[in-house]
Amino acid sequence: MADLHVTELGPLDAPPIVLLHGIGGSADTFAAQFADWADRLHVLAWDAPGYARSATPETPCTLDDYADRVAELIADRCGAAHVLGMSWGGVIATRLALRHPELLRSLILGSSTVGSGVDPSAATAMRARADELDAVGATRFAAARAPKLLSPQADPQDVAAVAAAMAAAVRPDGYRAAAESMAATDHTADLPDVDVPTLVLSGDQDGVTGIAAGQVLAGGIPDAVFVTLRGAGHLANQERSEAFDAWVESFVHITERLRNR
């Protein structure tokens, strides 16, 4: 897996958690979680293929390809893991749970959705983002996207930091493949087949996917737990990291206890 950059930290004997970033991010999206969990969880966060420090594949990845690469990572590093996916990362994580349920100790979906393929206009808009990135470049693209990812009351310095991080993470080929994987996906009918303990978190000020999209996931996945994070926009793990981390870590430990009974 030399072509894939993975940030790994924490005790090897602690519960393993794999972090999958959103379509505009990288492993660095989870800096707050690294700081919080480094002494209590075994954390692995990738730069998806074609993003940041990971190589661009010779052929574009499909959603199945992304899920299978995560499966390889889990099998190689920890055997089975809790998997947290933010936004696009959550769509990958859902596909992973459908294709490789034996590798998941739990599924945690943050600010996520069933995929943009649920709505033809949403799919068209997703594909258009890749064209926009090609046309204006990463810096201008990120500057336009960043304000939408945080709550309206976010500090301008935080918005600027999100824009800078996005500009450093995205590359045209990687982003286009990611956008196409989202546009081609609608997991609505597949949700009842997810047979993994699941936590769904949504920010109450998320203007990108929103609470309704999270409720669809939680309502469709058997016995899923749904949590609303107050004051959080789309990047809930960054904007309300303390509450986000507490819910996730609690869920990890609860499911660990249930596994070991």
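Residues numbered from 1 in each chain as written. Predicted model: local features only at pLDDT ≥ 70, side-chain atom pairs only at ≥ 80, totals over all residues. Heavy atoms only, no water.

Caption draft 1: Just the packing of aromatic side chains, in detail. Counting across every chain of the model gives three aromatic pairs. Taking 5.0 Å as the distance between ring centres and 90° as the angle between the ring planes, the aromatic pair formed by Tyr66 and Trp88 counts as edge-to-face. Separated by 22 residues along the polypeptide, Tyr66 in helix α2 (residues 63–77) and Trp88 in helix α3 (residues 88–99) bring together distant segments of the chain. You'll find Tyr66 and Trp88 in the same group, each marked buried. Connected via pairs of aromatic rings, a cluster forms that spans Tyr51, Tyr66 and Trp88. (Phe/Tyr/Trp six-rings, centres within 6.5 Å; stacked < 30°, edge-to-face > 60°. Helix = DSSP H or I, 4+ residues; strand = E, 2+ residues; numbered from the N terminus. Buried < 20%, exposed > 50% of the residue type's maximum accessible area, 1.4 Å probe, protein only.)

Caption draft 2: Seen up close, the sheet that holds strand β7 (residues 225–229). The strand order across the open sheet formed by seven strands is β1-β3-β2-β4-β5-β6-β7, and the pairing between neighbours is mixed. At either margin of the open sheet sits one strand with a lone partner, and together these are β1 (6–9) and β7. Taking each pair of neighbouring strands and ignoring which way they run, the sheet shows an average axis angle of 15°. Pairing of strand β6 (residues 198–203) with β7 involves five bridges; the strand directions are parallel. Of the residues in β7, the one forming a bridge with Leu199 is Val225. Sitting on the sheet, α2 touches β1, β2 (16–20), β3 (42–46) and β4 (81–86), and the angle it makes with β3 is about 150°. This element, helix α8 (residues 210–220), spans β5 (104–110), β6 and β7 of the sheet and lies at about 170° to β6. (Pairing = 2+ DSSP bridges. Axes fitted to C-alpha atoms, helices over the stretch in contact; angles between N-to-C directions. Contact = heavy atoms within 4.5 Å.)

Caption draft 3: A look at the pairing of β4. Where burial is concerned, most of β4 is hidden: six out of the six residues are buried. Burial along β4 is two-sided: the residues Ala81, Val83 and Gly85 and His82, Leu84 and Met86 are all buried. Across four bridges, β2 lies against β4 in parallel orientation. Of the residues in β4, the one forming a bridge with Leu19 is Leu84. Once the chain exits β4 it traverses α3 before rejoining the sheet at β5, and the crossover so formed is right-handed. (Right-handed = clockwise from strand over helix to strand, strands pointing away.)

Caption draft 4: Molecular detail of the UniProt feature "domain: AB hydrolase-1" (unreviewed entry) in the chain. The feature "domain: AB hydrolase-1" (unreviewed entry), as given by UniProt, occupies residues 15–237 in the numbering adopted here. Secondary structure across residues 15–237 comprises 46% helix and 15% strand; the distance between its end C-alpha atoms is 19 Å. (UniProt positions renumbered as here; feature names shortened; annotations may be inferred.)

Caption draft 5: The arrangement of helix α4 (residues 120–136) in detail. Here α4 is 17 residues long and its end C-alpha atoms lie 24 Å apart, about the 24 Å a rise of 1.5 Å per residue gives. Elements that come into contact with the buried residues of α4 comprise α5 (138–149) and α7 (172–183). Positive phi shows up at Gly137, right after α4, with a value of about 90°. (Expected span 1.5 Å × (residues − 1).)

Caption draft 6: Broad picture of the pairing of β6. By the criterion of burial, β6 is predominantly enclosed, with six of the six residues buried. Bridge count between β5 and β6: four bridges; the pairing is parallel. Residue pairing across strands places Ile108 opposite Leu199, the latter belonging to β6.

Caption draft 7: Layout of the side chain of Asp245. With respect to the helices, strands and loops of the structure, Asp245 is situated in helix α10 (residues 241–259). In this structure, Asp245 is buried with no salt-bridge partner, the nearest side chain bearing the opposite charge being Arg40 at 6.7 Å. Non-local contacts of Asp245, meaning those with residues more than four positions away in its chain, are made with Ala32, Gln33, Asp36 and Trp37. (Lys, Arg positive; Asp, Glu negative; His and termini not counted. Salt bridge = Lys/Arg side-chain N within 4 Å of Asp/Glu carboxyl O.)

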